[in-house]
Number of protein chains: 2
Amino acid sequence: MTEQYKNHDHILVALDCIIFGFDRSGLKLLLIKRDFEPEKGNWSLMGGFLNRDESLDDAANRILHKLTGLKNVYLEQLYGFGEVDRDPVERTISIAYYALINIRSHDKELMDKYDARWFPIDDLPDLIFDHGEMVKAAKSRLKYRASHEPVGFELLPEKFTMPELQILYEGIYETELDKRNFRRRILSMDILTKTNEKQKKYSKKGAFLYKFNEDKYEEKVDQGDSLTFKPIKL
Amino acid sequence: MTEQYKNHDHILVALDCIIFGFDRSGLKLLLIKRDFEPEKGNWSLMGGFLNRDESLDDAANRILHKLTGLKNVYLEQLYGFGEVDRDPVERTISIAYYALINIRSHDKELMDKYDARWFPIDDLPDLIFDHGEMVKAAKSRLKYRASHEPVGFELLPEKFTMPELQILYEGIYETELDKRNFRRRILSMDILTKTNEKQKKYSKKGAFLYKFNEDKYEEKVDQGDSLTFKPIKL
DNA sequence: CCAAAAGTGTTCACTTTACACCCATGA
DNA sequence: TCATGGGTGTAAAGTGAACACTTTTGG
């Protein structure tokens, strides 16, 4: 009977979001300064609790929106963290999600409200609880995902240059890439559209801007082409 | 303050185990017949609820042990399933785990107690709730894991033949493999020990038995060798 | 002696890697 | 005019895929 459901513990379910961003200086993580005890004043992932009437995905989206003002963002469930003492206040499990956002697109006011800051991925402060572990898992998942699907473009503006794309992949894979091999490989996938515009912000010669062509990509997937975005050794 | 923790919903956290086994006829899944309403009499994954004083991993191990009598088994967290209406009785999220066990090693009495049965992976009955989705995710994760780490051996007895190993990988990848290419590839990894024994159960000539050499494997991992167990197309 | 499964090498195509110089332009 | 970042091709090595016959032995 439904007896089977009685007498079982009901537990707080948290969600924590690892939010990735990117600019030319590299991959970044959006962290907030926790404003309540315990660990008040320390850096933390953006989190919240699951409500009875929402799905895990909905809750993660709600929490991400609360900090960034963004909706319809790339968001993927990562892992359930469930050590008994992971939260000193109360038994809580946390389902971690990671998000990829365009670092220019989010709400600046909310940044202030939550005391949020972008940190370079390789220079993070100590994080509360098991959030450091979550970040580690997210980096590893992002490496995997980026080598199988074109998720990198989620981190870029609509138009971007080849050097920018390369810096992004170098950040994700934590390795340097040969630019000729990188360009050849990316272009041979035939999922980018080259525009006639040049970006002259970062060089005198200027670099051509490209757009990700989602339709072309979907077409290829439908045809069963397996595109890989594997790292290329320096 | 810890006010932040009050007034949040406390929710039932379930765990469900996708249990893989293998014999020469292919990959198998261990399912139980549900003996309470709703969905009484229908096939289901082995599951249970998280207790306040145990970690997610501990709970999954406990549940796996309850059905199989086994401990120290390969068990990996898969995904958190959290649709609002996934369980019609009460709001429940479920963290799915998958296990790889030696199909000969588990407790037969418990099989009867739980009305459990092994099903061929490609001929499963309808499953309750979202368990079908869980199985799909587990198959996909197993493919991935098996192409990066030597998890296949978890499903085999200590000694096994090359043809058996090949049938196993064919089951995991859901594809047929060329036996010359398969053997070459596996043997070139240099992580198997050939015994002098032959298994004559399945052929007149007999097939040599091999053992997985865990020490050698660890050595290679430490040396940074990246071994891949990728599928080989027919 | 034969049926049935185990075992064995080579070739070709393709992919990956390594590597160095010219171009365009603003200061 | 020169410093800076953008852009380009080729050859060599390595990897993946295709493919067919011989061996062993119990019945």
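As annotated in an unreviewed UniProt entry, chain A carries the name NUDIX hydrolase and comes from Fodinibius salicampi.

(A) Up close: the protein's contact with DNA strand C. In the region of DNA strand C, 22 residues are neighbours, and Arg180 and Lys204 of chain A together with Lys179, Arg183 and Phe208 of chain B sit closest. Backbone atoms, meaning sugar and phosphate, form 41% of the atoms of DNA strand C found within 4 Å of the protein. Within the contact set of DNA strand C, a base nitrogen lies 2.9 Å away from a side-chain nitrogen or oxygen of Lys179 of chain B. Contact between DNA strand C and Phe208 of chain B: a phosphate oxygen at 3.0 Å from a main-chain N or O atom of the residue. Contributions of two or more residues to the surface near DNA strand C are made by helix H5 (179–189) of chain A together with helix H5 (179–188) and strand S10 (207–212) of chain B. A per-class count over the surface near DNA strand C returns 6 nonpolar, 3 polar and 13 charged.

(B) Here's a closer look at the domain arrangement of chain A. All names here are of chain A. By domain assignment, chain A separates into domain 1 (3–146) and domain 2 (153–222). For the pairing of domain 1 and domain 2, the buried interface totals around 1,400 Å² over both sides, and the portion due to carbon and sulfur atoms is 65%. The three residues of domain 1 that bury the most area against domain 2 are Phe22, Arg24 and Lys143, which together make up 51% of that side's buried surface. At the junction of domain 1 with domain 2, the criterion picks out 3 salt bridges. In this structure, the salt-bridge partner of Glu174 is Lys139, at a minimum N-O distance of 3.6 Å. Across the contact surface, domain 1 and domain 2 share 3 residue pairs in polar contact (both at pLDDT 80 or more). Looking at the side of domain 1 that touches domain 2, the elements that each hand over two or more residues are strand S1 (10–23) and helix H3 (131–146). Ranked by the residues each element gives to the side of domain 1 that touches domain 2, the list is headed by H3, at 4 residues.

(C) Here's a closer look at the protein's contact with DNA strand D. Taken together, 22 residues form the shell around DNA strand D, and within it Lys179, Lys205 and Phe208 of chain A together with Lys204 and Lys205 of chain B come nearest. Expressed as a percentage, the sugar and phosphate content of the atoms of DNA strand D within 4 Å of the protein is 42%. The backbone of Gly206 of chain A places a nitrogen or oxygen atom 3.3 Å from a sugar or linking oxygen of DNA strand D. Arg184 of chain B places a polar side-chain atom, nitrogen or oxygen, 3.3 Å from a base nitrogen of DNA strand D. Residues belonging to the surface near DNA strand D are distributed by class as follows: 6 nonpolar, 3 polar and 13 charged.

(D) Highlighting the relation of the copies chain A and chain B. Here chain A sits on chain B after a turn of 180° about the axis and a move of 0.0 Å along it, with an RMSD of 0.0 Å. Taken together, the rotation and translation describe the operation of a two-fold axis. Same-surface contact between copies: 100% of interface residues of chain A are shared with the interface of chain B.

(E) The sheet that holds S10 of chain B, seen in detail. All names here are of chain B. Spatial ordering of the open sheet is given by S8-S10-S9, a layout of 3 strands whose pairing is antiparallel. The strands lining the two open edges of the sheet, one partner per strand, are strand S8 (159–161) and strand S9 (192–199). Shown here is a sheet whose adjacent strand axes are inclined to one another by a mean of 40°, direction ignored. Looking at chain direction, S9 and S10 are connected through 5 bridges and run antiparallel. Across the sheet, residue Lys198 finds its bridge partner in S10, namely Phe208.

(F) Seen up close, the interface of chain A and chain B. Contacts between the two partners involve 38 residues from chain A, matched on the other side by 38 residues from chain B. Of the roughly 3,800 Å² buried between chain A and chain B on both sides combined, carbon and sulfur atoms contribute 58%. Where chain A meets chain B, there are 0 salt bridges. Taken together, the connections running from chain A to chain B amount to 13 residue pairs in polar contact (both at pLDDT 80 or more). Residue assignment for the side of chain A that touches chain B shows that the elements contributing at least two residues are S1, helix H1 (56–68), strand S5 (74–81) and strand S6 (92–100) of chain A. Residues that form the side of chain A that touches chain B fall into these classes: 17 nonpolar, 10 polar and 11 charged.

Procedures and definitions
- Residues numbered from 1 in each chain as written.
- Chains lettered and ligands numbered in written order.
- Predicted model: local features only at pLDDT ≥ 70, side-chain atom pairs only at ≥ 80, totals over all residues.
- Heavy atoms only, no water.
- Near = heavy atom within 4 Å.
- Polar contact = N/O pair within 3.5 Å; in protein donor to acceptor, adjacent residues only side chain to side chain.
- Helix = DSSP H or I, 4+ residues; strand = E, 2+ residues; numbered from the N terminus.
- Nonpolar A, V, L, I, M, F, W, Y, C, P; charged D, E, K, R; others polar.
- Domains from an automatic or database assignment.
- Buried area = accessible area lost by both parts, 1.4 Å probe.
- Salt bridge = Lys/Arg side-chain N within 4 Å of Asp/Glu carboxyl O.
- Least-squares fit on C-alpha atoms with pLDDT ≥ 70 in both.
- Contact = heavy atoms within 4.5 Å.
- Pairing = 2+ DSSP bridges.
- Axes fitted to C-alpha atoms, helices over the stretch in contact; angles between N-to-C directions.

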